[in-house]
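Breakdown of the fold
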Amino acid sequence: MTESTISNASGDDWPVLPRGDYPVVLQPRSFGCHVIQGDGDYSFRTANATVSASWELAASWELAGTWYVYVDGASTPDVADAVVAEMAQQLGEATGKTATCYRITD
(Lines give C-alpha, C1' and ligand atoms only; values in the text may rest on other atoms or scores of the structure.)
Protein backbone atom coordinates (compact mmCIF):
# COMPACT_ATOMS: atom_id res chain seq x y z
CA MET A 1 0.00 0.00 0.00
CA THR A 2 1.18 3.49 -0.84
CA GLU A 3 0.22 6.44 1.35
CA SER A 4 0.42 9.97 -0.04
CA THR A 5 -0.74 13.47 0.79
CA ILE A 6 -2.21 16.23 -1.34
CA SER A 7 -1.79 19.67 0.13
CA ASN A 8 -2.47 23.23 -0.95
CA ALA A 9 0.91 24.71 -1.93
CA SER A 10 0.04 27.93 -0.09
CA GLY A 11 -0.39 26.02 3.17
CA ASP A 12 -4.02 27.17 3.41
CA ASP A 13 -6.99 24.87 3.85
CA TRP A 14 -8.69 23.56 0.74
CA PRO A 15 -12.11 24.96 -0.03
CA VAL A 16 -14.80 22.52 1.03
CA LEU A 17 -15.92 20.31 -1.85
CA PRO A 18 -19.47 18.99 -1.90
CA ARG A 19 -19.42 15.18 -1.71
CA GLY A 20 -21.32 15.07 -4.99
CA ASP A 21 -18.25 16.60 -6.67
CA TYR A 22 -15.84 13.90 -5.47
CA PRO A 23 -16.24 11.61 -8.52
CA VAL A 24 -15.46 14.45 -10.95
CA VAL A 25 -12.68 16.01 -8.90
CA LEU A 26 -10.94 13.01 -7.32
CA GLN A 27 -11.25 10.20 -9.88
CA PRO A 28 -8.41 10.57 -12.37
CA ARG A 29 -9.85 11.13 -15.84
CA SER A 30 -7.10 9.19 -17.61
CA PHE A 31 -7.72 6.02 -15.57
CA GLY A 32 -10.82 3.84 -15.76
CA CYS A 33 -12.41 4.24 -12.32
CA HIS A 34 -15.57 3.28 -10.48
CA VAL A 35 -16.83 4.22 -7.02
CA ILE A 36 -16.77 1.60 -4.27
CA GLN A 37 -17.68 1.47 -0.61
CA GLY A 38 -14.40 1.72 1.25
CA ASP A 39 -12.43 3.47 3.92
CA GLY A 40 -12.04 7.22 4.04
CA ASP A 41 -14.25 9.97 2.70
CA TYR A 42 -14.16 8.66 -0.87
CA SER A 43 -13.03 5.37 -2.42
CA PHE A 44 -12.77 4.05 -5.95
CA ARG A 45 -11.11 1.29 -7.94
CA THR A 46 -8.89 1.64 -10.95
CA ALA A 47 -7.52 -1.53 -12.56
CA ASN A 48 -6.41 -3.70 -9.60
CA ALA A 49 -5.91 -0.78 -7.21
CA THR A 50 -8.24 0.45 -4.50
CA VAL A 51 -7.87 4.17 -3.79
CA SER A 52 -9.20 5.78 -0.61
CA ALA A 53 -9.03 9.51 0.04
CA SER A 54 -9.72 11.31 3.30
CA TRP A 55 -9.74 15.02 3.92
CA GLU A 56 -8.37 15.91 7.34
CA LEU A 57 -9.42 19.21 8.83
CA ALA A 58 -7.09 18.88 11.77
CA ALA A 59 -5.78 16.36 14.24
CA SER A 60 -2.85 16.40 16.58
CA TRP A 61 -0.61 14.31 14.30
CA GLU A 62 -1.99 15.28 10.87
CA LEU A 63 -1.60 18.30 8.65
CA ALA A 64 -4.70 20.47 8.58
CA GLY A 65 -6.45 20.77 5.25
CA THR A 66 -4.63 17.80 3.73
CA TRP A 67 -6.01 14.98 1.61
CA TYR A 68 -4.54 11.62 2.64
CA VAL A 69 -4.63 9.11 -0.21
CA TYR A 70 -4.08 5.36 0.17
CA VAL A 71 -3.50 3.25 -2.94
CA ASP A 72 -3.62 -0.50 -2.37
CA GLY A 73 -2.90 -3.02 -5.11
CA ALA A 74 -1.25 -0.77 -7.72
CA SER A 75 1.09 -2.69 -10.00
CA THR A 76 4.02 -0.44 -9.00
CA PRO A 77 4.61 2.57 -6.75
CA ASP A 78 4.97 4.66 -9.93
CA VAL A 79 1.40 3.78 -10.94
CA ALA A 80 0.18 4.80 -7.48
CA ASP A 81 2.12 8.07 -7.82
CA ALA A 82 0.50 8.73 -11.21
CA VAL A 83 -2.98 8.24 -9.75
CA VAL A 84 -2.26 10.63 -6.86
CA ALA A 85 -0.59 13.19 -9.13
CA GLU A 86 -3.64 13.30 -11.39
CA MET A 87 -5.92 13.58 -8.36
CA ALA A 88 -3.82 16.55 -7.16
CA GLN A 89 -3.94 18.22 -10.56
CA GLN A 90 -7.72 17.86 -10.79
CA LEU A 91 -8.19 19.08 -7.20
CA GLY A 92 -6.11 22.15 -8.03
CA GLU A 93 -8.09 22.81 -11.20
CA ALA A 94 -11.42 22.46 -9.37
CA THR A 95 -10.44 24.83 -6.56
CA GLY A 96 -8.19 27.29 -8.38
CA LYS A 97 -5.35 26.38 -6.02
CA THR A 98 -1.93 24.85 -6.61
CA ALA A 99 -1.72 21.30 -5.28
CA THR A 100 1.39 19.47 -4.15
CA CYS A 101 1.53 15.75 -3.54
CA TYR A 102 4.04 13.63 -1.65
CA ARG A 103 4.40 9.89 -1.19
CA ILE A 104 4.76 9.07 2.49
CA THR A 105 5.12 5.27 2.33
CA ASP A 106 5.14 2.45 -0.21
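Located above this text is the structure these notes cover.
All of the points below concern the structure found in this document. Source: prediction; values computed, not measured. (Residues numbered from 1 in each chain as written. Predicted model: local features only at pLDDT ≥ 70, side-chain atom pairs only at ≥ 80, totals over all residues. Heavy atoms only, no water.)

Turning next to the packing of aromatic side chains. Between two aromatic rings, the relevant description is the distance of the centres plus the angle of the planes. Per the counting criterion, the structure on display carries 4 aromatic pairs. On the numbers, 6.0 Å between centres and 40° between planes, the contact of Y42 with F44 is tilted. As far as the burial class goes, Y42 and F44 line up, both buried. Taking the centre distance of 6.4 Å and the plane angle of 25° together, the rings of W55 and W67 count as stacked. Of the two residues, W55 is situated in strand 4 (residues 49–56) and W67 in strand 5 (residues 66–72); the sequence distance between them amounts to 12 residues. Given the relative accessible area of 16%, W55 is considered buried. (Phe/Tyr/Trp six-rings, centres within 6.5 Å; stacked < 30°, edge-to-face > 60°. Buried < 20%, exposed > 50% of the residue type's maximum accessible area, 1.4 Å probe, protein only. Helix = DSSP H or I, 4+ residues; strand = E, 2+ residues; numbered from the N terminus.)

Each regular strand carries side chains that alternate between the two faces of the sheet. For strand 5, the tally of buried residues reaches 5 of 7 residues, placing the bulk of the element in the interior. Bridging between strand 1 (residues 2–8) and strand 5 involves 5 bridges; their strand directions are antiparallel. Across the sheet, residue E3 finds its bridge partner in strand 5, namely Y70. (Pairing = 2+ DSSP bridges.)

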